[in-house]
Amino acid sequence: NPTSGVEINNRLEQIRIATEKIEERGGTVTYIYDEPHTSAWKKKPIPQPDGTVKWLVHRPVYEGAIRDLKKGFDPNGLPIHALAVVFDHRLTRDMRHLQDAKEVVEYHDRPVIDLSGILNLLTEEGRENADYQVKAGIALLKKQAESAGRKIQSAALVGDNTAATVAYWKSLLEVLPR
């Protein structure tokens, strides 16, 4: 069990929790795609085949996992039948990533599940609902960020930078999944 704030919900703890949940459902973990922190707000210019540039969240590890799932083999050559993510937001850094996951489920018959249970990509209704859930979540986070920004500016005007930082984190914690 985690003993300090640093250990709570870190990568090793997430792997332990995910492995337990997968094994409880009769699955086996064959490979862990360890994706570094990827902010949904930090988009990069990605050249397109037609020469244009799109500003997208670049996630080579996630994109590799989706490619492997389509092929049916992990990087070690072991069969891979499904992809599980710890939190729904790992699937939804932007709508393109959600669409990639839905395509794998629908056209390659390979489940992509979020262990938090928020998104259901296994049914047609769940895939349709996922779009709305993601859009609503993005809208909520934008509003929350605007509110936090106003709190920080107000506190800074009176010289209280500590209060601004606390207000920012409290506002973010209000919308993060628990």
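To be clear, the structure that these remarks concern was listed above.
Per chain, residues are indexed from 1 in the order of the written sequence. Only residues with pLDDT of at least 70 get local features here, since the model is predicted, and only at 80 or more are side-chain atom pairs given and counted; chain-wide, interface and lining totals rely on the full set of residues. Side-chain numbers here rest on the full set of heavy atoms in the structure, without hydrogens or water.

Colleague: Would you mind showing me how to read the pairing of strand 1 (residues 44-47) here?
Modeller: Where a strand is regular, its side chains alternate between the two sheet faces. As paired elements, strand 1 and strand 2 (residues 53-56) share 4 bridges and run antiparallel to each other. Considered in strand 2, the bridge of Lys44 is made with Leu56. What makes two strands pair is DSSP finding at least two bridges between them. Secondary structure elements follow DSSP: runs of H or I of four or more residues count as helices, runs of E of two or more count as strands, with numbering from the N terminus. Adjacent in sequence and paired antiparallel, strand 1 and strand 2 are bridged by 5 residues, among which Gly51 carries a positive phi angle near 95°.

Colleague: Hey, could you run me through the pattern of salt bridges in this one?
Modeller: Pairing between side chains of opposite charge can happen when the charged atoms of each approach one another. Here, a salt bridge means any Lys or Arg side-chain nitrogen found within 4 Å of an Asp or Glu carboxyl oxygen. Using the criterion set out here, one finds 8 salt bridges in the structure. Note that Arg16 and Glu20 form a salt bridge whose closest N and O atoms lie 2.7 Å from each other. Taken together, the residues span about one helical turn, with Arg16 and Glu20 both in helix 1 (residues 11-24) at a distance of 4 residues. A residue is classified by how much of its surface remains accessible, and Arg16, at 34% relative accessible area, is partly exposed. Bridged by salt links that share partners, the residues Glu13, Arg16 and Glu20 form one connected network. Relative accessibility thresholds used throughout: buried, under 20% of the residue-type maximum; exposed, over 50%; partly exposed, between the two (1.4 Å probe, protein chains only).

Colleague: Mind showing me how you'd approach helix 3 (residues 95-108) here?
Modeller: In an α-helix, one turn spans 3.6 residues; hence positions three or four apart end up facing the same way. Helix span, as expected, comes to 1.5 Å for every residue beyond the first. Along its 14 residues, helix 3 runs 19 Å from first to last C-alpha, staying within 8% of the 20 Å computed at 1.5 Å per residue. Contacts between residues were defined by any pair of non-hydrogen atoms, one from each residue, lying within 4.5 Å. Against the buried residues of helix 3 lie helix 2 (60-71), strand 4 (112-114) and helix 4 (124-157). Backbone geometry just after helix 3 places Asp109 at a positive phi near 55°.

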